[in-house]
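# Commentary on secondary and tertiary structure
Single-letter residue listing:
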Amino acid sequence: MLASASDTATASAGPLVPAPFRLLAKRRETADTWTLELEPRHGTPLEFAPGQFTMISRGGCGEVPISISGDPDEPERLVQTVRAVGLATSALCEAEPGEVLSVRGPFGTAWPLEEAEGADVVIVAGGIGLPPLRGAVLRMLAQRERYGRLVLLYGGRAPDQLLFGEQIQQWREQGLEVLITVDSAGPEWIGHVGVVTRLIGRAGLDASRVLAMTCGPEVMMRFVVATLADTGVQSDRIHVSIERNMQCGIGVCGHCQLGPVLVCRDGPVFRYSEVERWMRVREL
Amino acid sequence: MLTLAQEIAAAEVFAGLAPEYLDLITGCGQNVHFDAGVILQREGDPADVFYLIRRGSVALEVHHPGAEPIRILTEGPGEPVGWSWLFEPYRWHLDARTIQPCSLIALDGACLRGKCEQDPALGYELMRRFARCLVERLEATQFQLLDVYGNARVGV
């Protein structure tokens, strides 16, 4: 009874109070990356827009911002893909089904799916940058007729570190053009080898019709934006998802400040033209 | 299906060249076909031939004894394979292997070098275009060396 009452209380307690979510299942994506499927204990679906993130933690191990990688049309399941790179993310990846994790959110801005209607949408993802774009892909494929070409350009470090392999094949069958490359590979790999920016030239894009969304390491995004610009895509037609030191998630603490914006509140998805100046400031 | 001349004229590396130069390059080319897994050139081989891919893809690899070769780059349709024919010491720096059945245009680099010596304007054009390929390759290599997916922070 006490636990149940507490759950009810936290569900409506505001954005700084975590809500309990039970881990229903986990799926290993690569050696160090897991997809977690959770459900809220209070029963209220976590409605979200693709591109938003949560602050999630496993008791006592620190809270981290993780993008939601689930289907926005299935909000009853909170899906998050986590790469174990530190204490908090490793703890999340080690959680077992049945455990209760703490979740706040969703927070932040979303991918511009309405603005993208009618355009050729080019998604450029690198490594663990694909999960934040997964919800956008699912939504656009569910509304396929609203968009022109849908193109996914995905780069990874090596073949065994690529995510969502089976699902990407399904996406192809649903009308997503997919080009994948890895930075290096052995002779068993018959796909592209080379950096993800090389795929941009191979995609045969009409720059005047393109709206681009990119997520990955910030260095990668810089190269991607430069290559898109070289092909004629305007910077206000490029959207980036940025990471900084998000802590509160609601634009109060200021840890994620990037020039005049707070990434947790004003981002993480930005029109590149809005943050271009600040992304060039090395001290930020 | 494009003719040899049309294929060469459409390739980015040759696009916009004067017709007489395109004719000259076409005259140095011939269609060749390879199964998957064929080594076209090995590191250290004389670079007297280079290729333009019509269909399929070609991997550039580094070999090291006792281990599988490391595949560092693939080239696809419309892209050239090989630049060493234009720069001393005219030797291949990497192994080139087909990874699919390939239709290629094999271009006589030694012959073209001779033409470049005789016609500096042609030499400048080809040097400029292949230098651009080299710049792109250098930038891509720098990007690869950053190992961004291994170390950097990503999204949220």
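Because the structure is a prediction, the values reported are computed rather than measured.

## What about the nonpolar core?
Judged by nonpolar contacts, the single largest core of 72 residues is most densely connected at A:V122, A:I123, A:L153 and A:A212. Considering each element in turn, this core owes the most residues, six residues, to helix 6 (residues 218-230) of chain A. In contact with A:A212, other than residues within four places in its own chain, are A:V122, A:V124, A:L228, A:V233, A:R237, A:I238 and A:H239. Grouped together as the second largest cluster of nonpolar side chains are 31 residues, B:F50, B:L52, B:I53 and B:W85 included.

## Quick look at unusual backbone geometry
Between A:G105 and A:P106 the backbone carries a cis peptide bond, its omega angle lying at 5°. Mapped onto the elements, A:P106 comes out in strand 6 (residues 100-107). Phi is positive for B:Y90, close to 60°, though the residue is something other than glycine. Take B:Y90: it is sitting in the loop between strand 6 (80-81) and strand 7 (95-98).

## Notes on the interface of chain B and chain A
Note: interface size is frequently given as the accessible area lost on complex formation between the parts. At the junction of the two partners, chain B supplies 23 residues and chain A supplies 36 residues. For the side of chain B that touches chain A, the secondary-structure elements that each account for two or more residues are strand 5 (70-75), helix 4 (120-145) and helix 5 (148-151) of chain B. At five residues, the largest contribution of residues to the side of chain B that touches chain A is made by strand 5 of chain B. Here the side of chain B that touches chain A is composed, by residue class, of 14 nonpolar, six polar and three charged.

## A word on the domain arrangement of chain A
Residues and elements named next belong to chain A. Domain annotation of chain A identifies domain 1 (2-107) and domain 2 (120-241). Placing the centre of domain 1 and that of domain 2 at their C-alpha centroids yields a distance of 26 Å. The interface is formed by 14 residues belonging to domain 1 together with 13 residues belonging to domain 2. Elements that contribute at least two residues to the side of domain 1 that touches domain 2 include exactly strand 1 (19-30) and strand 5 (78-83).

## Section: the pairing of strand 3 (residues 49-55) of chain B
Residues and elements named next belong to chain B. With respect to burial, strand 3 is a largely interior element, six of its seven residues being buried. Pairing geometry for strand 3 and strand 8 (residues 102-108), over six bridges, is antiparallel. The partner of I53 across the bridge, within strand 8, is L104.

## What to know about the environment of A:I242
All names here are of chain A. Its place among the elements puts I242 in the loop between strand 12 (238-241) and strand 13 (257-258). The class of I242 is buried, set by 23 C-beta atoms lying within 10 Å. Between the C-alpha atom of I242 and that of C215, which follows or precedes it by 27 residues, the distance is 7.5 Å. In contact with I242, not counting residues within four places along its chain, are L258, V263, G267, P268, F270 and V275.

Reading guide: rules and limits
Residues numbered from 1 in each chain as written. Chains lettered and ligands numbered in written order. Predicted model: local features only at pLDDT ≥ 70, side-chain atom pairs only at ≥ 80, totals over all residues. Core = buried A, V, L, I, M, F, W, Y, C linked by C-beta atoms within 7 Å. Buried ≥ 20, exposed ≤ 12 C-beta atoms within 10 Å, placed from the backbone. Helix = DSSP H or I, 4+ residues; strand = E, 2+ residues; numbered from the N terminus. Contact = placed C-beta atoms within 7 Å. Nonpolar A, V, L, I, M, F, W, Y, C, P; charged D, E, K, R; others polar. Domains from an automatic or database assignment. Pairing = 2+ DSSP bridges.

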